[in-house]
Amino acid sequence: DQQVKQNSPSLSVQEGRISILNCDYTNSMFDYFLWYKKYPAEGPTFLISISSIKDKNEDGRFTVFLNKSAKHLSLHIVPSQPGDSAVYFCAANTGNQFYFGTGTSLTVIP
Amino acid sequence: SAVISQKPSRDICQRGTSLTIQCQVDSQVTMMFWYRQQPGQSLTLIATANQGSEATYESGFVIDKFPISRPNLTFSTLTVSNMSPEDSSIYLCSVAPDPRGQGYEQYFGPGTRLTVT
């Protein structure tokens, strides 16, 4: 039972353009959402998070949007840079439980 | 955040043997987790290892197969016992240094890539 889903396994974007990564979830009890970035041969790195009481959180080039009614969150990266090429995982948290999506591989083309 | 190291970074093991993975954190943390990431799949939580208590295993994972030690607030080990090729995976430890009332971040180690032949 996949409670957090990333339906796009891969995404390619031109450098300088916006990257939009999407994530859907099924459990309305989740109260915290996170995005992680993972380079090959490294562990996931925490990127940005959002509480369920908010609908937007921004940190530099990264913005996470939360639509609770649609049970959907997205990560916007603008402008995209070649160094952003990585696998991005979304995650949802309630209590001590974390649920991760399967990841979206982002390629930023110079 | 926290700086986390894991040993070994990778290993190739024969079936039927066991491997112990070490996780070291640069600060004292209460909550530590062990995950597995199989090829093309998401991160799957194996167990939560809090110091001073027995590890709590998720459905599908048992202590006999994945014994865990947590002797202090900066260190933990995960053993993969009696390995089979299906255990080939990346094993990750993570910590949650700042649990908050409404959600918190986890920070991950670099992972241990295990191949069982």
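We now turn to the structure provided with this report. (Residues numbered from 1 in each chain as written. Chains lettered and ligands numbered in written order. Predicted model: local features only at pLDDT ≥ 70, side-chain atom pairs only at ≥ 80, totals over all residues. Heavy atoms only, no water.)

**A word on the interface of chain B and chain A**
Across the contact, 19 residues belong to chain B and 24 residues belong to chain A. In total, about 1,700 Å² of surface goes out of reach between chain B and chain A, with carbon and sulfur atoms giving 55% of it. Connecting chain B to chain A are zero salt bridges. One can count four residue pairs in polar contact (both at pLDDT 80 or more) joining chain B with chain A. When contributions to the side of chain B that touches chain A are tallied by element, the ones reaching two or more residues are strand S4 (31-37) and strand S10 (107-108) of chain B. (Contact = heavy atoms within 4.5 Å. Buried area = accessible area lost by both parts, 1.4 Å probe. Salt bridge = Lys/Arg side-chain N within 4 Å of Asp/Glu carboxyl O. Polar contact = N/O pair within 3.5 Å; in protein donor to acceptor, adjacent residues only side chain to side chain. Helix = DSSP H or I, 4+ residues; strand = E, 2+ residues; numbered from the N terminus.)

**Notes on the environment of Tyr99 of chain A**
Residues and elements named next belong to chain A. With respect to the helices and strands, Tyr99 occurs in strand S10 (residues 97-100). When its relative accessible area of 24% is taken as the criterion, Tyr99 is described as partly exposed. Ignoring any residue separated from it by four or fewer positions in sequence, one finds Tyr99 in contact with Gln3, Val4, Phe30, Cys90, Ala91 and Ala92. (Buried < 20%, exposed > 50% of the residue type's maximum accessible area, 1.4 Å probe, protein only.)

**Thoughts on the state of the cysteines**
Applying the stated rule across the entire model yields two disulfides over all chains. Between Cys23 of chain A and Cys90 of chain A runs a disulfide, and the two sulfur atoms are separated by 1.9 Å. Judged by the sign of its S-S torsion, about 60°, the bond between Cys23 of chain A and Cys90 of chain A is right-handed. Of the two residues, Cys23 of chain A is situated in strand S3 (residues 19-25) and Cys90 of chain A in strand S9 (residues 86-94); the sequence distance between them amounts to 67 residues. The burial state of Cys23 of chain A is the same as that of Cys90 of chain A; both residues are buried. Covalent S-S linkage joins Cys23 of chain B and Cys93 of chain B, the inter-sulfur distance amounting to 1.9 Å. Where Cys23 of chain B bonds to Cys93 of chain B through sulfur, the torsion about that S-S bond is close to 70°, and the disulfide is right-handed. Of this pair, Cys23 of chain B sits in strand S3 (residues 19-25) while Cys93 of chain B sits in strand S9 (residues 89-96), placing them 70 residues apart in sequence. (Disulfide = S-S within 2.5 Å.)

**Quick look at the packing of aromatic side chains**
Taken as a whole and judged by the stated rule, the model has 13 aromatic pairs over all chains. On the basis of an interplanar angle of 90° and a centroid distance of 5.5 Å, the ring pair of Phe100 of chain A and Tyr35 of chain B is categorised as edge-to-face. Remark: Tyr35 of chain B occurs in strand S4 and Phe100 of chain A occurs in strand S10; the pair is interchain, linking two chains. The exposure class of Tyr35 of chain B is buried, given its relative accessible area of 1%. (Phe/Tyr/Trp six-rings, centres within 6.5 Å; stacked < 30°, edge-to-face > 60°.)

**Quick word on the sheet that holds strand S7 (residues 62-67) of chain A**
The strand order S1-S3-S8-S7-S6 (chain A) describes an open sheet built from five strands, whose pairing is antiparallel. Each having just a single partner strand, strand S1 (4-5) and strand S6 (56-59) of chain A make up the two edges of the open sheet. (Pairing = 2+ DSSP bridges.)

**Focus on unusual backbone geometry**
The linkage connecting Val78 of chain A with the following residue, Pro79 of chain A, adopts the cis geometry, with an omega of -10°. Assignment of secondary structure puts Pro79 of chain A in the loop between strand S8 (72-77) and S9. Residue Lys7 of chain B is joined to Pro8 of chain B through a cis peptide bond whose omega torsion reads -10°.

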